[in-house]
Protein chains: 2
Amino acid sequence: MEVMKAIRDRRSIRSYRSEPIKDEVINSVLEAARWAPSWANTQCWEFIVIKKEETKHKLADTLALWNSVRQDIAHAPVIIVACARLGRSGFKDGELSTDKGDWYMFDVALAMQNLALAAHALGLGTVHIGAFDAREVAQILQVPDGVVVVEMTPLGYSAEEVNNPYRKPLSGMVFYETYGGDKNCPQGDSNP
Amino acid sequence: MEVMKAIRDRRSIRSYRSEPIKDEVINSVLEAARWAPSWANTQCWEFIVIKKEETKHKLADTLALWNSVRQDIAHAPVIIVACARLGRSGFKDGELSTDKGDWYMFDVALAMQNLALAAHALGLGTVHIGAFDAREVAQILQVPDGVVVVEMTPLGYSAEEVNNPYRKPLSGMVFYETYGGDKNCPQGDSNP
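Residues numbered from 1 in each chain as written. Chains lettered and ligands numbered in written order. Predicted model: local features only at pLDDT ≥ 70, side-chain atom pairs only at ≥ 80, totals over all residues. Heavy atoms only, no water.

Q: I keep staring at the overall build of chain A and nothing clicks. Help me out?
A: The secondary structure content of chain A amounts to five helices and six strands. Along the chain direction, N to C, the helices and strands of chain A fall in the order α-α-β-α-β-β-β-α-α-β-β. By its C-alpha atoms, chain A is 60 × 45 × 35 Å across when sized along the principal axes. Among the 192 residues that make up chain A, the fraction classed as buried is 57%. Relative to all contacts within chain A whose residues are 6 or more apart in sequence, the contacts with residues 24 or more apart total 76%. Summed over all atoms, the accessible surface of chain A reaches about 7,800 Å², with 46% contributed by carbon and sulfur. Positive and negative side-chain charges of chain A, numbering 21 and 25 respectively, have mean locations separated by a distance of 3 Å. (Helix = DSSP H or I, 4+ residues; strand = E, 2+ residues; numbered from the N terminus. Buried < 20%, exposed > 50% of the residue type's maximum accessible area, 1.4 Å probe, protein only. Contact = heavy atoms within 4.5 Å. Areas by Shrake-Rupley, 256 points an atom, 1.4 Å probe, with all protein chains shown as cover. Lys, Arg positive; Asp, Glu negative; His and termini not counted. Charge placed at Lys NZ, Arg CZ, Asp CG, Glu CD.)

Printed below as a string of structure tokens:
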């Protein structure tokens, strides 16, 4: 599938068929995550692949009550939990480099967006889930100190048709030259 | 370009030709960012597109001295600065939903990875840059309170060949069922 088509057609899938996925397909989406860029190539991400029914149900129970995926996440054949090793991304010589602290949220998102796009290209659904009790998940999955649980996604075939969700127009999110500046490329610029 | 090829072949480009880019191409990569998913579809991202020589040089000066892009970023025809509106991502009914605080770092990364992949498919280089003085950039670009500068990337044609940077093998980042559990899919699993 073409990159731009995958980017535009990917939807956040909240309802899954229980049909299993081949291991080679799971490996392909993890490969996509693996090739993401990261702060000074520190690759702080780690992934836990869950297929056991009992564990999937325990994970579902950690989701926020208002989270619409909560009802269905355990139906997906696989859940992938993305973790991060702290103290790697955002540092230089052991010191924080920026006012943002640890950049693990940023780097894990880069990897998980690769994963979501690769999954879509393979006909599989995902949804980035952040609204759950990460400490409870860490307990369930025996995640050690120094590693945090960031997000999870079900991975499976979609059981729903999802409409195109609203996106602001570019003119509502892009400025030229300064914040609040031109919303379209200024006329007479040196670029053709 | 195929999704998986774009994911595997994209490189972080640190040296650029000054050759200009058509505005429609800039719009295409911004479109890719626009279609990213976000926390409850809050789309907290905002982008500033910089082409003016003077501003590009001011931005270069905000980069960490050790950052190897610092020398060359102003050669690129365009710099895209990604900002985030605070208080949107990671919230439910005005309250923080998780122990991670504001999820703007995560959502901006999703959008910027879409942008990086789309740029690569169009023959253009990018590099996610985080090591700069974000408050100084906010001053230069007149970014108001309530909005933070997250990352920037040059956008342009590469002036270098970049080798395949080292990635840990999947066995160094993936576990099955629990953290520290099997590193390969367990035999005899219900999945084929």
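Q: I keep staring at the pairing of strand 5 (residues 147-155) of chain B and nothing clicks. Help me out?
A: Regular strands show a simple pattern: their side chains alternate between the two faces of the sheet. All names here are of chain B. In terms of residue burial, strand 5 counts as a mostly covered element, since eight of its nine residues are buried. Bridging between strand 2 (residues 78-85) and strand 5 involves eight bridges; their strand directions are antiparallel. Within strand 5, the residue paired with Arg 85 across the bridge is Val 147. (Pairing = 2+ DSSP bridges.)

Q: Just checking my understanding: could you explain the sheet that holds strand 6 (residues 174-176) of chain A for this structure?
A: Strand pairing in a sheet is mediated by backbone hydrogen bonds. Such pairs are either parallel or antiparallel. Taken together, the four strands give an open sheet; going across it, the order is 6(A)-1(B)-2(B)-5(B), and neighbouring strands pair in mixed fashion. The open sheet is flanked by strand 6 of chain A together with strand 5 of chain B, the only strands paired with a single partner. Averaged over all pairs of adjacent strands, the angle between strand axes in this sheet comes to 25 degrees, irrespective of strand direction. Both strand 1 (residues 45-50) of chain B and strand 2 of chain B contribute to a ladder of six bridges, which runs antiparallel. Within the sheet, the bridge partner assigned to Phe 47 of chain B lies in strand 2 of chain B and is Ala 82 of chain B. Set on the sheet, helix 2 (residues 23-34) of chain B makes contact with strand 6 of chain A together with strand 1, strand 2 and strand 5 of chain B; between it and strand 1 of chain B the angle comes to about 165 degrees. (Axes fitted to C-alpha atoms, helices over the stretch in contact; angles between N-to-C directions.)

Q: Looking at this structure, how should I read the sheet that holds strand 2 (residues 78-85) of chain A?
A: Ordered by their spatial adjacency, four strands build an open sheet running 5(A)-2(A)-1(A)-6(B), and the pairing between neighbours is mixed. Each edge of the open sheet carries a strand with a single partner, namely strand 5 (147-155) of chain A together with strand 6 (174-176) of chain B. When strand polarity is set aside, the average angle formed by the axes of neighbouring strands in this sheet is 25 degrees.

Q: What is the right way to read the interface of chain A and chain B from this model?
A: One frequent convention defines the size of an interface as the accessible area lost when the parts assemble. Facing 90 residues of chain A, the contacting portion of chain B comprises 90 residues. Between chain A and chain B, a total of about 8,400 Å² is buried, with carbon and sulfur atoms accounting for 60% of that surface. The three residues of chain A that bury the most area against chain B are Trp 35, Glu 177 and Tyr 179 of chain A, which together make up 11% of that side's buried surface. For the interface between chain A and chain B, the tally reads four salt bridges. Arg 135 of chain A serves as the salt-bridge partner of Asp 99 of chain B, at 3.5 Å between the closest nitrogen and oxygen. Inspection of the region where chain A meets chain B yields 44 residue pairs in polar contact (both at pLDDT 80 or more). Only helix 1 (3-9), helix 2 (23-34), strand 1 (45-50), strand 2, helix 4 (104-121), helix 5 (134-140), strand 5 and strand 6 of chain A provide two or more residues apiece to the side of chain A that touches chain B. When residues in the side of chain A that touches chain B are grouped by element, the largest group, eleven residues, is from helix 4 of chain A. Looking at the side of chain A that touches chain B, its residues break down into 51 nonpolar, 18 polar and 21 charged. (Buried area = accessible area lost by both parts, 1.4 Å probe. Salt bridge = Lys/Arg side-chain N within 4 Å of Asp/Glu carboxyl O. Polar contact = N/O pair within 3.5 Å; in protein donor to acceptor, adjacent residues only side chain to side chain. Nonpolar A, V, L, I, M, F, W, Y, C, P; charged D, E, K, R; others polar.)

Q: Help me understand the relation of the copies chain A and chain B in this model?
A: Each of the two chain copies goes to the other by way of a rotation about an axis and a shift along it. Between chain A and chain B, which share one sequence, the superposing operator has a rotation angle of 180 degrees and an axial displacement of 0.0 Å; the RMSD is 0.0 Å. The symmetry that links the two subunits is that of a two-fold axis. Residue by residue, 100% of the interface of chain A is reproduced at the interface of chain B, so both copies engage with the same surface. (Least-squares fit on C-alpha atoms with pLDDT ≥ 70 in both.)

Q: Would you explain the pattern of salt bridges in this entry?
A: Side-chain pairing between opposite charges can occur once the charged atoms of the two side chains come close. On inspection of all chains with the given rule, the structure shows 20 salt bridges over all chains. Notably, a salt bridge pairs Glu 31 of chain A with Arg 8 of chain B, separated by 3.4 Å at the nearest N-O pair. One end of the pair, Glu 31 of chain A, is in helix 2; the other, Arg 8 of chain B, is in helix 1 (residues 3-9), on a second chain. One salt-bridge network, in which partners are shared between bridges, spans Arg 8 of chain A together with Glu 31 and Arg 34 of chain B.

Q: Any chance you could explain the pairing of strand 1 of chain B here in plain terms?
A: A large share of strand 1 of chain B lies buried, amounting to six of its six residues. Burial along strand 1 of chain B is two-sided: the face carrying Trp 45, Phe 47 and Val 49 of chain B and the face carrying Glu 46, Ile 48 and Ile 50 of chain B are both buried. Sheet analysis places strand 6 of chain A next to strand 1 of chain B, joined by three bridges and oriented parallel. Residue Tyr 176 of chain A lies in a different strand from strand 1 of chain B, and its bridge partner there is Val 49 of chain B.

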